[in-house]
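Remarks on the overall topology
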Amino acid sequence: MPAPTHGAVVVGVGSSAEDLQMVRTAAAEAAAHDRPLHLLHAFNWAAALESFSVSGPRAAAEELLEKAGQAAAEAAPTVPVTDEIVEGSPVEALIRASDSAFLLAVGDGGMAGCASCVPADAPAVQLAARAGCPVLVGRLEPPPPGPVLVGFDGSDSSRATLGYAFDCAESRGARLLTIQVVEPNHQPDGAEHLLEEAVARHAARHPRVAAECHTVRGDPGGVLLEQSRSAQVALVGARGDEPLRGMLGAVSQTLLYHSPAPVIVVRGLDPDDEEDGS
């Protein structure tokens, strides 16, 4: 199985306006990371067989991909673009693609605008929990031109996420803001120094990234959510010390459901990569 970092940016293409906007977002992300873009559309054969002609829905799918390709070319003219029509569930098709992808890109379905929603069955949530690579969840509203925000808790997952965040900040030409949140009654135990040392290691390999780090007392989800309001993108590990498929931690869920900024849930990376600069 190819490593996630060796693949393309993969975006699911549906018929909504949000999907075409995500194609543009994914194309820009592919350009920033010098990656190809792959457009993936899941074709519903059951619906096709119920129609007067199978060729009708198939032709509509091909036309959809053609429009998506045009949108990608307008957003990032130099990015190589491929497309694919597959049979079955869009979520399952994207999860299969994630095993060889650099990044999956998907819209949030509007859930960030619903404060009381906890849509565990939403496609974006399923992909963030089950994908084999990082997942970018876009928003309907464009983010401000703020920093790249990343949460850090000292776990293996957060170390891998920090390395990915430095790459994202450099590719975007953005400032990096790393936040470590400790409980209000937390006693000093050197955690602050671990954060500073981790950031310093990456900063030495990314001299063009203006990076700062802060340790803040409070609720991790609440603190990062508030910081995300002025970020251009927020990055978080899938689940602290347990970055297993099918699992999302409380902090990643809070940002995924409620952050107004796009969120990248980082998973499928080797935490040891941050030690050797790969």
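Going by the annotation in an unreviewed UniProt entry, the name recorded for the protein is Nucleotide-binding universal stress protein, UspA family, with Micromonospora chersina given as the source organism.

Helices and strands together make up the secondary structure of the protein, namely ten helices and ten strands. A burial count over the protein gives 48% of its 278 residues as buried. Long-range pairs, those at least 24 residues apart, make up 81% of the contacts in the protein with a sequence separation of at least 6. Of the roughly 12700 Å² that the protein leaves accessible, carbon and sulfur atoms contribute 53%.

Moving on, we come to helix 9 (residues 250–258). Regarding helix 9, the residues found buried are Ser252, Leu255, Leu256 and Tyr257. Structurally, helix 9 contributes buried residues whose contacts are with helix 5 (123–130), strand 5 (135–138), helix 8 (220–228), strand 9 (233–237) and strand 10 (263–266).

Let us look at the side chain of His41. Within the secondary structure, His41 is located in strand 2 (residues 37–43). A polar contact is formed between the side chain of His41 and the backbone oxygen of Val13, at a distance of 2.8 Å. If we ignore the near neighbours within four places in the chain, the residues touching His41 are Val13, Ala61, Leu64, Leu65, Glu84, Ile85 and Val86.

Our next topic: unusual backbone geometry. Of note in the backbone geometry, Asp34 takes a positive phi value of approximately 55° without being a glycine. Within the secondary structure, Asp34 sits in the loop between helix 1 (17–32) and strand 2. By relative accessible area, which is 71% here, Asp34 ends up exposed.

Next up on the list: the nonpolar core. With 43 residues, the main nonpolar core has Leu37, Leu176, Leu235 and Ile264 as its most contacted residues. The residues that make up this core include at least three from each of domain 1 (9–138) and domain 2 (148–264). Look past the residues within four positions of Leu235 in its chain and what remains in contact with it is Val148, Leu149, Val150, Gly151, Thr161, Tyr164, Ala165, Cys168, Ile264 and Val266. If you look at the next biggest cluster of nonpolar residues, it comprises 40 residues, including Val10, Ala93, Leu127 and Ala131.

Another point: the pairing of strand 7 (residues 176–182). Counting buried residues in strand 7 gives seven out of seven residues, a clear majority hidden from the surface. Both faces of strand 7 are covered, namely the face carrying Leu176, Thr178, Gln180 and Val182 and the face carrying Leu177, Ile179 and Val181. With four bridges connecting them, strand 6 (residues 148–151) and strand 7 associate as parallel partners. In the strand pairing of strand 7, Leu149 is matched with Leu177. Handedness of the crossover joining strand 6 and strand 7 through helix 6 (residues 156–172) is recorded here as right-handed. Across seven bridges, strand 7 lies against strand 8 (residues 211–217) in parallel orientation. If you follow Gln180 over to strand 8, its bridge partner there is Thr215.

What counts and what doesn't
Residues numbered from 1 in each chain as written. Predicted model: local features only at pLDDT ≥ 70, side-chain atom pairs only at ≥ 80, totals over all residues. Heavy atoms only, no water. Helix = DSSP H or I, 4+ residues; strand = E, 2+ residues; numbered from the N terminus. Buried < 20%, exposed > 50% of the residue type's maximum accessible area, 1.4 Å probe, protein only. Contact = heavy atoms within 4.5 Å. Areas by Shrake-Rupley, 256 points an atom, 1.4 Å probe, with all protein chains shown as cover. Polar contact = N/O pair within 3.5 Å; in protein donor to acceptor, adjacent residues only side chain to side chain. Core = buried A, V, L, I, M, F, W, Y, C linked by side-chain atoms within 4.5 Å. Domains from an automatic or database assignment. Pairing = 2+ DSSP bridges. Right-handed = clockwise from strand over helix to strand, strands pointing away.

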